[in-house]
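Given next are the chains, with one letter for each unit.
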Amino acid sequence: YIYQPDIKYLNGVIGNFDTKNQYIDSLQFLYKDTNNETKLHGGKSGVWGKPKDKAINIKEIMCPQNSAIYKIDSMYLTSNPERNATINGIKIYCKDIISNKESEIEHNMIGVEYDDNSNIYKSSSVQCKDISYNDTNIDGFFSNLNATFEDRVNEISIKKCNYYYK
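Residues numbered from 1 in each chain as written. Predicted model: local features only at pLDDT ≥ 70, side-chain atom pairs only at ≥ 80, totals over all residues. Heavy atoms only, no water.

Q: Is there a simple way to think about the nonpolar core in this case?
A: A general tendency of soluble globular proteins is for nonpolar side chains to be buried together. Counting 28 residues, the largest nonpolar core has L27, I69, I90 and I92 as the members making the most contacts within it. Looking at this core, the elements with two or more residues in it are β1 (7-18), β2 (23-33), β6 (67-77), β7 (86-96), β13 (140-149) and β14 (153-163). Judged by nonpolar contacts, the second largest core, of 6 residues, contains Y9, Y70, I97 and F141. (Core = buried A, V, L, I, M, F, W, Y, C linked by side-chain atoms within 4.5 Å. Buried < 20%, exposed > 50% of the residue type's maximum accessible area, 1.4 Å probe, protein only. Helix = DSSP H or I, 4+ residues; strand = E, 2+ residues; numbered from the N terminus.)

Printed below as a string of structure tokens:
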């Protein structure tokens, strides 16, 4: 685990969806730093999966101003003897870091549309746990994620959440 004190929260994602094979073959998250500048999480080498120069169906999703990613839904196929697990679609959710109200994003998906009743894909949802401080519920926002990947993204996990108390 590497502590990155300059990352306030993740506020966007860039991904490539392989339409032929129906999976996400590259992802990279964006973050706000302590100077309120948006940067690539992991820098230029922080892409998970296929290199960006080989991607042909790139989509970028950004949270509105002063908002951060607090939840990710995903559609995936589990591992079997012929292949590793694959993430086939993700949907991000953003909240305003001050008001904790959900922020509207018109197109917040990359890949296969989220459907928790799918007969083909499994669904999963991950978010930071809320905490309570001085009898106030405080929402968490992603500030660091990790992934397993090869030529496609296999799995995403939370490494760190940040909380903002008014």
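Q: Help me understand the state of the cysteines, please; the structure alone is not making it clear to me.
A: Put plainly, a disulfide is one covalent bond tying together the sulfur atoms of two cysteines. On inspection of all chains with the given rule, the structure shows 2 disulfides. Covalent S-S linkage joins C63 and C94, the inter-sulfur distance amounting to 2.0 Å. Classification of the bridge connecting C63 and C94 rests on its S-S torsion, roughly -70 degrees, and on that basis the disulfide is left-handed. Here C94 lies in strand β7 and C63 lies in the loop between β5 (58-62) and β6, a separation of 31 residues in the sequence. In terms of burial, C63 and C94 fall into one category: buried. Disulfide pairing is shown between C128 and C161; the S-S distance is 2.0 Å. Negative torsions about the S-S bond denote left-handed disulfides, and the value of about -90 degrees found for C128 with C161 makes this one left-handed. With C128 in the loop between β10 (122-127) and β11 (131-133) and C161 in strand β14, the pair connects residues that are 33 residues apart, well separated along the chain. (Disulfide = S-S within 2.5 Å.)

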